Amino acid sequence: MQLVFQDPYSSFDPRVSMNDSIAEALRRTSLSRGEVAERCSELLEMVGLTGIHGLRRPGELSGGQLQRAAIGRALAVNPSLIALDEPVSSLDVSTQVLIIDLLARLQNDLGVAMLFISHDLTVVRDISDDIAVMYLGKIVEKGVANTLFNAPSHPYTQALLSAAPRMMSDSKQRSQRLLLEGELPSPLNPPAGCRFHTRCPKAMPRCSEIEPAFEIRDGNHVACHLYTREPVESAPAQPARIGRATARRATWRDAVG
């Protein structure tokens, strides 16, 4: 597993070249010095950079170039999984598109799995096969990207997607937006039961007491009491009450008989 961090400027040692940063992990393998240099060149080319970029220090590269180098560094040890923490949030929109295209190509060519962490729903939809939505560090809904975006089940997912910019008139978008009330609780001391119940417009009394389990809804997994399947409980026996009811029915039959 390897990581690509949010801020490309602070994820590199400013005193060494990009080649040295990428080669750091390779030097701990059985590769010779010449093989390490060759591998660095391959990785830079793989992410759209050249040997000239490898000779430069971080301060001499743009944010997009640094993030490409960070991706190349993550690929150096042939990981099975790369976790990318907001990898395009600090870049301009045109550079974001190039980085996302690069990630999609690398995933297709190398078959490496990627865990993409982001608040940008447009980017999430474009790049993801499966999505997990989190609230206060807890997954509340997960499933296939298209299904989750087209038919969200959890109230938080619905509110989150309603806040995403869309191509429609301002008045129509405002009418469809679900506004959440209340303050965001502290992640250090989350509410009992469902963590979202303090802001959920559909909260029920049991939401503040019992943490919901995952249920399947429209093909997705959703943790919400709106969809919880509860076993039917048999009513406790009440002999005295049943006896009075039986007596009343018997008296009525006697009266009309």
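## So, the side chain of Ser21
Mapping Ser21 onto the fold places it in helix H1 (residues 18–26). According to the relative accessible area criterion, Ser21 is buried, its value standing at 6%. Not counting residues up to four positions away in its chain, the partners in contact with Ser21 are Phe12, Val16 and Arg73.

## Some details on the sheet that holds strand E1 (residues 2–4)
Taken together, the three strands give an open sheet; going across it, the order is E1-E2-E3, and neighbouring strands pair in parallel fashion. In this open sheet, the two strands that pair with only one neighbour each are E1 and strand E3 (113–117). Each neighbouring strand pair of the sheet contributes to a mean axis angle of 20°, computed without reference to strand direction. The sheet contact formed by strand E2 (residues 81–85) and E3 spans five bridges and is parallel. Looking at E3, one finds that Asp85 is bridged to Ile117. Across the sheet, helix H4 (residues 63–75) lies against E1 and E2, angled at about 175° from E1, the strand it touches most.

## Things to note about the packing of aromatic side chains
Applying the stated criterion to the full structure yields three aromatic pairs. Feature note: the residues Tyr135, Tyr156 and Phe196 constitute an aromatic cluster, connected by ring pairs. Arg73 extends its terminal NZ or CZ atom over the ring of Phe12, reaching a point 4.1 Å from the ring centre. The positively charged end of Lys142 is found above the aromatic ring belonging to Phe214, 4.6 Å away from the centroid.

## Details of the nonpolar core
Within the largest apolar cluster, 34 residues are counted, with the highest numbers of intra-cluster contacts made by Ile71 and Leu103. Secondary structure elements with two or more residues in this core: H1, helix H2 (33–46), H4, E2, helix H5 (93–110), E3 and helix H6 (121–127). Broken down by element, the residue count for this core peaks at six residues, all from H4. Setting aside its immediate chain neighbours within four residues, Leu103 contacts Ile71, Leu84, Met114, Phe116 and Ile127.

## Structural notes on the side chain of Arg68
Tracing the backbone through its elements, the reader meets Arg68 in helix H4. Nearest to the buried, unbridged Arg68 among oppositely charged side chains is Asp101, at 8.0 Å. Ignoring sequence-local partners within four residues, the contact set of Arg68 consists of Val47, Gly48, Leu49, Leu98, Ile99 and Leu102.

## Quick word on the sheet that holds strand E4 (residues 130–135)
Ordered by their spatial adjacency, four strands build an open sheet running E4-E5-E7-E6, and the pairing between neighbours is antiparallel. Both edges of this open sheet fall to E4 and strand E6 (214–217), since each of them pairs with a single strand only. For this sheet the average axis-to-axis angle between neighbouring strands, irrespective of direction, equals 25°. Two strands pair when backbone bridges link them, and E6 and strand E7 (residues 220–223) are joined in this way by four bridges, in the antiparallel orientation. Bridge pairing links Phe214 to Ala223 in E7.

## So, the confidence of the model for the chain
Summary statistics for the chain give a mean pLDDT of 85 and a share of 84% for residues scoring 70 or more. Here residues 167–175 scores under 50 on pLDDT; set against residues more than four positions off or in separate chains, the count is five contacts. Within the model, the stretch residues 231–257 combines pLDDT values under 50 with zero contacts to residues more than four positions away or in other chains.

Rules and cut-offs
- Residues numbered from 1 in each chain as written.
- Predicted model: local features only at pLDDT ≥ 70, side-chain atom pairs only at ≥ 80, totals over all residues.
- Heavy atoms only, no water.
- Helix = DSSP H or I, 4+ residues; strand = E, 2+ residues; numbered from the N terminus.
- Buried < 20%, exposed > 50% of the residue type's maximum accessible area, 1.4 Å probe, protein only.
- Contact = heavy atoms within 4.5 Å.
- Pairing = 2+ DSSP bridges.
- Axes fitted to C-alpha atoms, helices over the stretch in contact; angles between N-to-C directions.
- Phe/Tyr/Trp six-rings, centres within 6.5 Å; stacked < 30°, edge-to-face > 60°.
- Lys NZ or Arg CZ within 6 Å of the ring centre and 35° of its normal.
- Core = buried A, V, L, I, M, F, W, Y, C linked by side-chain atoms within 4.5 Å.
- Lys, Arg positive; Asp, Glu negative; His and termini not counted.
- Salt bridge = Lys/Arg side-chain N within 4 Å of Asp/Glu carboxyl O.
- pLDDT = per-residue confidence, 0-100.

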